[in-house]
Amino acid sequence: MVSSGHSVPARNGEHGVSVISASSHQRIVHIPNILPHERVFPIQIGTELFKLSGASLSSDAPSYFSQYFLCQLKQASDAGQDPSTAIRTLYIDRDPVTFKDISLHLQGYHVRPRDATHLVRLFADAQFYSLPKLMSQLYEEPIHITIGSTPFRIPREIFSLSGPGNTPNFFTLGFAIFFSNSEDLFPGLDKEGLIRPPSIIAPNVPNRSAEVFQELLHMLRGYPVKIRDERHRQELLKDCRYFNFKGLEQRLIPHEKGFNQVRGREEIVLGLRDIMKSGISVANEPVEGDPLAGWVNYARPYADDKAMELVLEIGEEATRLHIGPGGKGVRAEFFTDIKAKMAKLFEVIATKLNYTLLNEDLVRVILDPEASITLDGQPWTAGESDQTAHPLLPAHETTKNTPGTTILSASSSSGGPSTAETPDSINPSTKPSPSQQQNHQQSSSPDENPNPRKRRRLDSSPPYGVTSVPTSSPLGGEQWIVKTGQWRLRIQSSPNPNPAKASVVECCLVAVKLDALSSERRRNERRGFLGG
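Residues numbered from 1 in each chain as written. Predicted model: local features only at pLDDT ≥ 70, side-chain atom pairs only at ≥ 80, totals over all residues. Heavy atoms only, no water.

Novice: I'd like a rundown of the packing of helix α6 (residues 116-128) against helix α7 (residues 132-139), residues and numbers included.
Specialist: Each packed pair of helices is defined by two parameters, the angle between the axes and the distance between the axes. Close contact between α6 and α7 brings their axes to 9 Å; oriented N to C, the two are set at 150°. The pairing of α6 with α7 is recorded here as roughly antiparallel in orientation. Judged by the twist between their axes, the crossing of α6 over α7 is left-handed. Within the contact between the two elements, α6 uses L119, L122, F123, A126 and Q127 and α7 uses L134, M135, L138 and Y139. Among the residues forming the contact of α6 with α7, the class breakdown is eight nonpolar, one polar and no charged. (Axes fitted to C-alpha atoms, helices over the stretch in contact; angles between N-to-C directions. Helix = DSSP H or I, 4+ residues; strand = E, 2+ residues; numbered from the N terminus. Parallel < 35°, antiparallel > 145°, perpendicular 65-115°, else oblique. Left-handed = near helix turned anticlockwise from the far one by under 90°. Contact = heavy atoms within 4.5 Å. Nonpolar A, V, L, I, M, F, W, Y, C, P; charged D, E, K, R; others polar.)

This is the structure:
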């Protein structure tokens, strides 16, 4: 027995029992005296007759039942009739199976919805019968919904406990709108003379995968999910965006974080399509002669608590490098929708800087000697003593290092044009005589050329009706097609600022890792066959 004003202590760890005070217990079991507790009232639901005591009907009142029988008792009292014979049976044309659960609730049992259909029927009838306690209880119940053909029971607190960015979502904005107001399930509907409530379809999302949603729920509960392959990742991301799990989406996008010991800072590698405006920032690192110098940083919204140096990955063969003579004056040009995305990215950076950003179609590129560059499937290096590293980098090319960046520059002060060979040209200073050319052609064939990049072009004319893309750069050198590139984004003062706009800065792409092609032939060599 529980003594008045005291509480019943639970044993340590016994079944997770919590302490309930006697006063709270009295509030729970207290039934208002609305109808005579000892009297039985008949209610026929559909084809079944239910007889409930006044105590049961008063436990969740005022309701449709309590109001009806109170009116009957008042009429009998005014007419001087015996209430036992004057009370008529209340008939309601509703589902008796659903009312069985409602009668259990009125008798003091906790009723838990079994699935989405059961929840909708209970809630609709609780609203129709005006049962305030049952409506409040169902409002706190987990969300029941069918994904694909599989029913799910989703705790409401899972979204708030899973971290920021996962609410509001599809369930709190879409499905849960039916249960957002426990007092008015059918807004705008006149209940006067209403015979029955309108039908409600059970929440169902037939066009999504139950297996994928199960994995998303697993992650929302805090468990890791192994990404099997890129297709699996895209399936998870697709449904994250559908259900508006923004925090979960940021954890799933392809990325790589780590501490770069050489540079002494943390960095994050992200694809261009996964960059969000809110995650971009600029870390100012002024150097001598350039107080505006800095690097673009990034922090994934809802996922990262601090910004890291951004290494931007751009693929899809949407980048073309224009290389000037001698490897100087490298510029990048973008194509497809990547061009618009890069322009938008530069706009965001300019907004963060609060400076005017130099706007050019060709973006300045810095080929850092520490960058890993693969050209036509072979490593490409820019060594000071290596004269054969690349035809665009002859012996007189050196590297000039400044704090925070590395750029290519020529040690020669002549400023003359480069004498480097290209695959389709011969150095003018070493051009052989006509007799030497004839002897060379007789003794060598194109297939015997040890350097395939210098093979003789047999036919420089494209087929009839085909427009050839120029292989020479507008800068006077050659062009590279970058299949996939990783870049750091460096902010620096414009080398040729407009005097009227002294605060103009530019965003340069500093190469980190490139996979590039020098010609259409090299691109074709990398092709694969369908189904191969």
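Novice: Describe the confidence of the model for the chain, listing the residues and the values that go with them.
Specialist: This prediction gives the chain a mean pLDDT of 78; 70% of its residues lie at or above 70. In this model, residues 383-468 is a region of pLDDT below 50 whose contacts with residues beyond four sequence positions or in other chains number 91 contacts. (pLDDT = per-residue confidence, 0-100.)

Novice: Can you break down helix α3 (residues 64-79) residue by residue, with the values?
Specialist: Taking 1.5 Å of rise per residue, the 16 residues of α3 would be expected to cover 22 Å, and the 23 Å separating its terminal C-alpha atoms lies within 8% of that figure. What α3 keeps buried is the set F65, S66, F69, Q72, L73 and A76. The buried residues of α3 occupy an angular sector of 130° when projected down its axis, which confines them to one face. Structural note: α3 exposes K74, D78 and A79 on the side pointing more than 90 degrees away from its buried face. The elements touched by buried residues of α3 are β3 (40-45), α2 (54-58), α4 (83-86), β5 (90-92) and α5 (96-106). Just downstream of α3 lies G80, where phi reads positive at about 70°. (Expected span 1.5 Å × (residues − 1). Buried < 20%, exposed > 50% of the residue type's maximum accessible area, 1.4 Å probe, protein only. Arc of directions from axis to C-beta.)

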